[in-house]
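Tertiary structure, described
Residue-level listing of the chains:
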Amino acid sequence: MSQAALPDLMNQAALPGFADVLAAAERLRGHIIRTPLLRHPLLDQLTGGTVLVKPEPLQRTGSFKLRGATNAALLLAATGDRGGIVTHSSGNHGQACAAAAHALGLKATIAMPADAPAIKVESTRRWGAEIIPFDRHNTDRDALTARLAEERGATVIPPFDHPHVIAGQGTMALELIEDARAIGLTPDALAICTGGGGLIGGSALTAEALIPGAEIWAVEPEGWDDTRQSLAAGHRVAVDGSGPGLCDSLLSKQPGALTFAINQPRLAGGVAVTEAEVFRAMRFAFEHLKVVVEPGGAVALAAVLAGKVDARGRIVGLVMSGGNVDPAVFARALAASA
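Residues numbered from 1 in each chain as written. Predicted model: local features only at pLDDT ≥ 70, side-chain atom pairs only at ≥ 80, totals over all residues. Heavy atoms only, no water.

Scanning the chain for helices and strands turns up 14 helices and nine strands. Considered along the principal axes of its C-alpha atoms, the chain spans approximately 55 × 40 × 40 Å. If you take every contact in the chain between residues at least 6 apart in sequence, the share linking residues at least 24 apart comes to 74%. When the accessible area of the chain is evaluated, it comes to approximately 12,600 Å², of which 53% is carbon and sulfur surface. Once the 29 positive and 33 negative side-chain charges of the chain are each reduced to a mean point, those two points are 4 Å apart. (Helix = DSSP H or I, 4+ residues; strand = E, 2+ residues; numbered from the N terminus. Contact = heavy atoms within 4.5 Å. Areas by Shrake-Rupley, 256 points an atom, 1.4 Å probe, with all protein chains shown as cover. Lys, Arg positive; Asp, Glu negative; His and termini not counted. Charge placed at Lys NZ, Arg CZ, Asp CG, Glu CD.)

Set out below in structure tokens:
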């Protein structure tokens with residue numbers, strides 16, 4: 001698929017559905033890890049509920065992003081297009097696209113903010129991707145990737161606002177719900193880390209089909225709660241981008257057009273968590289769940305621990321979405337008061 005064909009795909013406004021999530025799950029077999037479902041008695045005790053944790057830091061590239069990127073790359077490769085992949089990313093989606101391209105013998109060009117965590121930049125480069133740095137605050141990312149794709153004869157795989165990406169991300173919730181049912185539990189609510197809305201969009205499609213009536217909560221860092229504000233307003237709202245940069249993987253200023261169309265009628269609402277709550281969740285995950293989680297990957301756990309997503313007397317599933325954390329930031333989390 002050429003870059004020129006991508007806008008036509010996006011303008012079709014054919015939103016993905018649960019059938020696309022199921023197809024993605026079949027397509028991804030052998031390409032991703034089916035991460036386990038974790039529980040801990042202290043987590044249940046602290047929250048007053050039954051909490052089921054999906055640890056996506058255990059995914060091959062350290063985040064859920066491998067699901068959507070690989071689904072999109074597999075569908076691209078199936079067309080015979082060998083022009084390669086272009087995307088923009090603060091790290092996790094870029095690394096996922098680089099890994100997917102490497103597995104399929106495709107070239108990958110990743111535009112990354114100049115201030116992206118070094119661990120994410122180097123991890124992306126190790127997959128053989130070309131890294132193009134840009135100014136996070138003064139660059140039109142979509143225009144940049146469109147130009148790079150045109151120059152290279154490649155196809156853009158966006159971080160979240162693409163039907164194949166959304167469907168791939170939905171496989172996370174599919175696994176969570178299936179594994180919960182296997183132990184006799186059905187979630188009453190899901191708490192999902194939210195940036196541009198691809199993960200929660202795919203999860204909402206899955207939950208609507210398998211656990212209708214369950215609440216789906218978007219969790220964002222304070223100052224970057226564009227989905228929460230958009231849901232409250234009834235239309236897409238953009239934040240000003242001046243919020244704290246701790247949760248680098250969730251710094252989208254506005255929900256995607258496709259993702260918001262999916263999420264608006266399906267989500268119960270959104271909540272925002274503080275840096276202190278994020279650090280508490282990171283430390284809890286390390287000490288008790290034995291999983292290293294990055295700040296953006298810890299926001300859903302933070303919301304449940306803080307009671308912002310209420311687990312009392314309920315079964316709540318949540319995702320820890322990524323674990324590619326800068327060592328200095330992780331040290332700050334461990335040093336923070338519990």
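Okay, the environment of Lys 65 next. In this structure, Lys 65 sits in helix H4 (residues 65-78). Look at Lys 65 and you get buried, because its relative accessible area is 13%. For the pair Lys 65 and Gln 169, spaced 104 residues apart in sequence, the C-alpha to C-alpha distance is 7.0 Å. For Lys 65, the contacting residues outside a window of four places in its chain are Asn 92, His 93, Ala 96, Pro 159 and Gln 169. (Buried < 20%, exposed > 50% of the residue type's maximum accessible area, 1.4 Å probe, protein only.)

Read across the sheet, five strands follow the order E1-E9-E6-E7-E8 without closing on themselves; strand pairing throughout is parallel. The open sheet terminates on both sides in strands that have one partner only, identified here as strand E1 (50-55) and strand E8 (269-273). In this sheet, neighbouring strand axes are inclined to one another by 25 degrees on average, regardless of whether the strands run parallel or antiparallel. Relative to strand E7 (residues 215-221), strand E6 (residues 189-193) runs parallel, the two sharing five bridges. When the sheet's bridge partners are listed, Leu 190 is paired in E7 with Ile 216. Relative to E1, helix H8 (residues 163-182) is tilted by about 135 degrees, and along the sheet it contacts E1, E6 and strand E9 (315-320). (Pairing = 2+ DSSP bridges. Axes fitted to C-alpha atoms, helices over the stretch in contact; angles between N-to-C directions.)

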